[in-house]
Amino acid sequence: MQRSQAQARKASLAESVLAAVSELMSSAAAIDVEQENFMDVGSQIHHAPPATMELQKAQYSPTNTIHAMEYLAANVDLAKDLVVRCSVAAQQLKDNDLLSITEDLDNVIKNISNELSRLPTSAFVSRRFAEPAASGHLQVVRNRQDLYDQHSCDGYSEPEISMVVANDKPRRRTLHNSDMPRLVDFLQGMYQESHESGGQSFNSLPEVAEYVEPLYDSFFCPLTNKVMVDPVTTESGVTYDRRAIEEYFEKFTDGSELVICPVTKMAMQSKTLRSNAPLKSTIAEWITRNEAIRVRIARTALSMATTEALVLEAIHELTVLARLRRKNRDQMHKIGITKFLARLLDHKDALIRCDSLDLLCLLVEDDAGMEIIAKTRAISRTIKLLSSNNPDERHAAISFLVELSKSELLLENIGSTSGSILILTTMKFNGSDDPVAAEKAGEVLKNLEKCPKNMKYMAESGYLDPLQRHLVEGSEDVQMEMVNYLGELVQKQEMIINIAGSASEILVKMVRSGNTAIRKAALDVLVQISSHHPNSRTLVDAGAIPVMVEELFIRKIDDEPMGSKMEAAAVLANIVESGLDPEAIVVNKEGHVITSKYSVYNFAHMLKCSMPDTLNLSIVRVLLTLTALPKPLATLVSVMKEQNSSQTVIELMNSLTEALGIAATRLLIALSPQMGHTIAEELCKAPGQPGKLVKSIGQPGRITELHAVAAMLLARLPYQHIALNLALLNRGAVPIVLAKIEEMQRGEMRASRHAKAYMEGLVGTLVRLTTTLHDRDVLLAAMDHNFTSVLTDLLVRSAGSDEMQRLASVGLGNLSNLSPNLSQPPTEERRSKRKNILQRLREAHSSRVHDNRKPPAHSRVCPVHRGVCSPATTFCLVEAGAVEGLLGALESNENGRVVEAALGALCTLLDDAVDVTSGVAVLAEHDAARHVLRALRQHRDGGVVARRCFWAVERFLAHGGERCVREVTSDRALPSLLVSAFHKGDTSTKQVAESVLRCLHRMPDYSATYESVEL
């Protein structure tokens, strides 16, 4: 009985479905429909890829067949409904458009027919219903809004979305104009029909989107009933979410227990899972399409809304979508939502204005949003809302203004808007009324400072007028009060330019007055104003320099504190450091300038007096600035030698005030090229020096400026000063420097902006010792610590520092110059003769170094130095592998000083003291000729680089093999470079070029012997 009822129900459903299909086909043949409306709505029923259609043929029980037919009937009804809705715009289409739409509807009908063909024949009353129509698929769908979370699909994040597109995906028509979606007619018709005919009703805009872009049953996991994140298929053919099915499989931990499919209830032999990539891609595509349609529907709702409620719902929907992903915000920009929201800021409803501002805050997070806002009146409307009595609206407006002020594109627009600066400053300083708004107003003002014109707008708005008026016109007490208040305000940069421009002359006059308190307050303000370097010219024009010099050198009042001199010195230091020409800064009526011997003598003399550290710091800053110009530098060197002031500066390095110690060290570094030997001698005589410098270099922790300047001073003093080098050696500088270099290379020391200078100072300190290797103690230290290997490693691992490469090359050249004398002859060739000093040094070193540094007894003979060599004992560049690093410096560096140093080290392998032929052979193995010729082409203007290149080329030609000679002679640029050097070079370069030209037979060789030829 039940079976007959089920058959009757299936027959009835089949009849109704096929009848509906027939009706739908007739409607499609006669319908005229507007193209974009149809493609936005109607074509949604056939765009799901076949990967989502997982109807299981094997599972078609009678109940499943009935369900499938019910779903097919529902889809046919949906197609009919869409055809009716799209018929409103029938008269607007041409014949071609109508034909295309008809083809799309025909494809839908074919898909439905093909789905019917998959049902068993027993589901129909007669065989006439079982005729298949065409191949295709139609996914069974239901409304699943309550099961899909709009914000996240059970952990589905945007980066996880894989956009794999199925090859057999049904064709979709591309919209002709996607900038403005045309869903108004659809929405109006939908709402009208739902109310008039009792049809489908929608409670929210997302439901409208799902009506247009429906959720498919295959998207949902049978176990969780949620949209799948990672769909996988089991042995039974059912698709689940990976996490859900794996958790289900964990129940079957016992190997003897069969795994039962939770849907089919069938036993499975394996737990193997196959990733369903097409379905995963389809879900991702559905999410993207759904959100895009939701954006367009919300845009349409904004345009057609007749009530505030619908506008608020549309804004809320757009806010949700804007937070989801940037792509949605980009679409909102494209279809005009951002521009439309700017107009809503004039809406009569305050809630709409607030919500619009909140959404705009999200939309202006990118440059596209900022550019759109720049073309609207949103800024002026927002400024107007800052005065609103509604705190929510006021907070929303100031929050939006904060976002706008982050864009440099809009800074000038905000500042130039009428009343903006005045309202913002009032809001900022009225913090007790609205602390939240005051804080954000301060943030906006701070952002506006990035545009120089905005600071001018602040002054034009009268922000400083009362203070300036009382400062100029008030009584003595009022002036005192204003100066004190000004001393607090000038700490803020936005005040400095305006104050310096309007009140500098008044402040200078106050310094001249006899009132100590006013003078002190005015000096405090001038210190702050002068710290902003653009104000220096204004202060000089106002006559501040002579007043400060008089205060510092001449004025002496017993009852006045030393503080006035400290402020005067600070003002002078700030002005001199500002970049003004010091030779144009007049200091007194006699016409002396700040670079004259009169001024320099007084500054240097004050250093020798017992002055507070703050005052000494300002004086050292002035002197340090003067060293940047040749003429003032020469004057300073002369005065310091005359007064023996270098000893005083060395003492200042030990000051407890770190800034003074750093400034004093920098001054010695700047003076070292002119009076380096004097400084080195005084440094060795100073108590605790140079041990304190070594200790400062070796301090643990983060690299500070104090570390860097201490290392740089030791690296800049004359290298060949033997007393200083021995003092460093005795203070244990070598192991400390090597340890710090190793820490830097391993990255153990915390890096800072001073790390590069610090590292270069360490390497320079090490290299300076290689210039005094004639001393026994220095030589043994170089052997003990294997300087050759250390410098070779630094050459390769220079971290992009040209100075480190140059220093390492210089050090290797110095070490290699001793290799011929240190190289040991083979054991069997040693002669019994009196040992010289170098042999005794080698034997003494052999007893001190570790066993792993001793060359083995059977070591091979170095072909260049004609003896047994090693990096540690003979400083051999070949054995240390330094040749590759030096040639690499030639290849990768265009800095002339680096190339010169690298060539100098390589040329030690071609010197007459070594086997030149073997040296050329060693270099030829590394293609040295090509590197040298390349360096010659880059530095063809002459100088030391060109001379060394020509010298190396001459050695290649005279002692090189056939391949080496061929490589040199085949260089097309070499002859012209030689001729140019011969004509324009200095004497040394000309001689070397002439020698190369003779080797190339471009000039006669007068030293050659000619044989007589009988005629």
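Keep in mind it's a predicted model, so treat the numbers as computed, not measured. (Residues numbered from 1 in each chain as written. Predicted model: local features only at pLDDT ≥ 70, side-chain atom pairs only at ≥ 80, totals over all residues. Heavy atoms only, no water.)

1. Things to note about the overall build of the chain
Turning to step 1, where the next piece is worked out: Helices and strands together make up the secondary structure of the chain, namely 50 helices and 7 strands.
Turning to step 2, where the next piece is worked out: In the chain, which comprises 1015 residues, the proportion classed as buried is 51%.
Turning to step 3, where the next piece is worked out: By sequence separation, contacts in the chain at least 24 residues apart represent 73% of the contacts at least 6 residues apart.
Turning to step 4, where the next piece is worked out: Carbon and sulfur atoms form 50% of the exposed surface of the chain, whose accessible area is close to 47700 Å². (Helix = DSSP H or I, 4+ residues; strand = E, 2+ residues; numbered from the N terminus. Buried < 20%, exposed > 50% of the residue type's maximum accessible area, 1.4 Å probe, protein only. Contact = heavy atoms within 4.5 Å. Areas by Shrake-Rupley, 256 points an atom, 1.4 Å probe, with all protein chains shown as cover.)

2. Comments concerning the side chain of Thr 665
Turning to step 1, where the next piece is worked out: Within the element layout of this structure, Thr 665 appears in helix H31 (residues 658-685).
Turning to step 2, where the next piece is worked out: Separated by 2.7 Å, the side chain of Thr 665 and the backbone oxygen of Gly 661 make a polar contact.
Turning to step 3, where the next piece is worked out: Thr 665 has contacts with Met 653, Val 709, Ala 710 and Leu 713, leaving out every residue within four places of it along the chain. (Polar contact = N/O pair within 3.5 Å; in protein donor to acceptor, adjacent residues only side chain to side chain.)

3. Quick notes on the packing of aromatic side chains
Turning to step 1, where the next piece is worked out: One pass over the full model with this rule turns up 4 aromatic pairs.
Turning to step 2, where the next piece is worked out: Each ring, one from Tyr 248 and one from Phe 252, has its centre 5.3 Å from the other, and the planes form 65°; the classification is edge-to-face.
Turning to step 3, where the next piece is worked out: An aromatic cluster of three or more residues is present, and its members are Tyr 248, Phe 249 and Phe 252.
Turning to step 4, where the next piece is worked out: Sitting over the face of the ring of Phe 340, Arg 299 holds its NZ or CZ atom 5.0 Å from the ring centroid. (Phe/Tyr/Trp six-rings, centres within 6.5 Å; stacked < 30°, edge-to-face > 60°. Lys NZ or Arg CZ within 6 Å of the ring centre and 35° of its normal.)

4. Focus: the sheet that holds strand E5 (residues 274-275)
Turning to step 1, where the next piece is worked out: Spatially, 3 strands are ordered E2-E1-E5 in an open sheet, and the strand pairing comes out antiparallel. Looking at strand neighbours, the two that pair on one side only are strand E2 (239-241) and E5, the edges of this open sheet.
Turning to step 2, where the next piece is worked out: Here strand E1 (residues 231-233) runs beside E2; their pairing, made up of 3 bridges, is antiparallel. Looking across to E2, one finds that Pro 231 is bridged to Asp 241.
Turning to step 3, where the next piece is worked out: Its contacts with the sheet place helix H7 (residues 242-249) against E1, E2 and E5, and it is angled at close to 95° to E2. (Pairing = 2+ DSSP bridges. Axes fitted to C-alpha atoms, helices over the stretch in contact; angles between N-to-C directions.)

5. Examining the confidence of the model for the chain
Turning to step 1, where the next piece is worked out: Taken as a whole, the chain shows an average pLDDT of 76; of its residues, 69% reach a score of 70 or greater.
Turning to step 2, where the next piece is worked out: Counting contacts from residues 88-94, a segment whose pLDDT is below 50, to residues more than four positions away or on other chains yields 14 contacts.
Turning to step 3, where the next piece is worked out: The model gives residues 1008-1015 a pLDDT under 50, and that stretch makes 1 contact with residues more than four places away or in other chains. (pLDDT = per-residue confidence, 0-100.)

6. As for the packing of helix H29 (residues 630-643) against H31
Turning to step 1, where the next piece is worked out: Contact pair H29 / H31: the axes reach a minimum separation of 11 Å and the direction vectors enclose 90°. Considered as vectors, H29 and H31 are oriented roughly perpendicular to each other. The segment H29 lies against H31, with Leu 633, Leu 636, Val 637, Met 640 and Lys 641 engaging Leu 667, Ala 670, Leu 671, Gln 674 and Met 675.
Turning to step 2, where the next piece is worked out: Among the residues forming the contact of H29 with H31, the class breakdown is 8 nonpolar, 1 polar and 1 charged. (Parallel < 35°, antiparallel > 145°, perpendicular 65-115°, else oblique. Nonpolar A, V, L, I, M, F, W, Y, C, P; charged D, E, K, R; others polar.)

7. What about the packing of helix H47 (residues 944-959) against helix H48 (residues 962-969)?
Turning to step 1, where the next piece is worked out: Relative to each other, H47 and H48 sit at 135°, their axes nearing to 8 Å. Viewed along their axes, H47 and H48 adopt a mutual orientation that is oblique. Helix-helix and strand crossings are classified by hand; for H47 and H48 the assignment is left-handed. Within the contact between the two elements, H47 uses Val 953, Phe 956 and Leu 957 and H48 uses Cys 964, Val 965, Val 968 and Thr 969.
Turning to step 2, where the next piece is worked out: Here the residues of the contact of H47 with H48 sort into 6 nonpolar, 1 polar and no charged. (Left-handed = near helix turned anticlockwise from the far one by under 90°.)

8. Comments concerning the nonpolar core
Turning to step 1, where the next piece is worked out: Among the nonpolar cores identified, the biggest contains 165 residues, and Met 548, Phe 603, Leu 671, Phe 950, Phe 956 and Leu 974 are the most heavily contacted of them.
Turning to step 2, where the next piece is worked out: Apart from the residues lying within four places of it in its own chain, the contact partners of Phe 950 are Leu 936, Leu 974, Leu 977, Leu 978, Ala 981, Thr 989, Val 992, Ala 993 and Val 996.
Turning to step 3, where the next piece is worked out: Leu 345, Cys 361, Leu 385 and Phe 400 belong to the second largest nonpolar core, which has 55 residues in total. (Core = buried A, V, L, I, M, F, W, Y, C linked by side-chain atoms within 4.5 Å.)

9. Some details on the environment of Arg 274
Turning to step 1, where the next piece is worked out: Tracing the chain through its elements places Arg 274 in strand E5.
Turning to step 2, where the next piece is worked out: On a C-alpha basis, the gap between Arg 274 and Val 232 in space is 5.2 Å, while along the polypeptide they are 42 residues apart.
Turning to step 3, where the next piece is worked out: Apart from the residues within four sequence positions on either side, Arg 274 is in contact with Pro 231, Val 232, Thr 233 and Thr 234.

10. A short note on helix H35 (residues 733-746)
Turning to step 1, where the next piece is worked out: Taking 1.5 Å of rise per residue, 14 residues should cover 20 Å, and H35 covers 20 Å from first to last C-alpha, within 8% of that figure.
Turning to step 2, where the next piece is worked out: For H35, every residue scored as buried is listed here: Ala 733, Val 734, Val 737, Leu 738, Lys 740, Ile 741 and Met 744. Angular distribution of buried residues about the axis of H35 spans 165°; they occupy a single face of the element.
Turning to step 3, where the next piece is worked out: Looking at the packing, one finds that the buried side of H35 touches helix H32 (691-697), helix H34 (722-730), helix H36 (755-769) and helix H38 (787-796).
Turning to step 4, where the next piece is worked out: Following H35 by one or two positions, Gly 747 has its phi on the positive side, about 75°. (Expected span 1.5 Å × (residues − 1). Arc of directions from axis to C-beta.)

11. Remarks on the pattern of salt bridges
Turning to step 1, where the next piece is worked out: By the definition in use, this model includes 32 salt bridges.
Turning to step 2, where the next piece is worked out: In this structure, the salt-bridge partner of Glu 891 is Arg 934, at a minimum N-O distance of 3.9 Å. Here Glu 891, found in helix H43 (residues 882-892), pairs with Arg 934, found in helix H46 (residues 928-938); they are 43 residues apart in sequence, far enough to count as distant.
Turning to step 3, where the next piece is worked out: Classification of Glu 891 as partly exposed rests on a relative accessible area of 30%.
Turning to step 4, where the next piece is worked out: On the accessibility criterion, Arg 934 (21% relative accessible area) is partly exposed.
Turning to step 5, where the next piece is worked out: Where Arg 966 meets Glu 962, a salt bridge forms, and the shortest distance between an N and an O atom there is 3.7 Å. Placement of both Arg 966 and Glu 962 in helix H48 is noted, with a separation of 4 residues, approximately one turn of the helix.
Turning to step 6, where the next piece is worked out: What makes Glu 962 exposed here is its relative accessible area of 66%.
Turning to step 7, where the next piece is worked out: A single network of salt bridges, built from pairs that share partners, joins Glu 891, Asp 927, Arg 930 and Arg 934. (Salt bridge = Lys/Arg side-chain N within 4 Å of Asp/Glu carboxyl O.)

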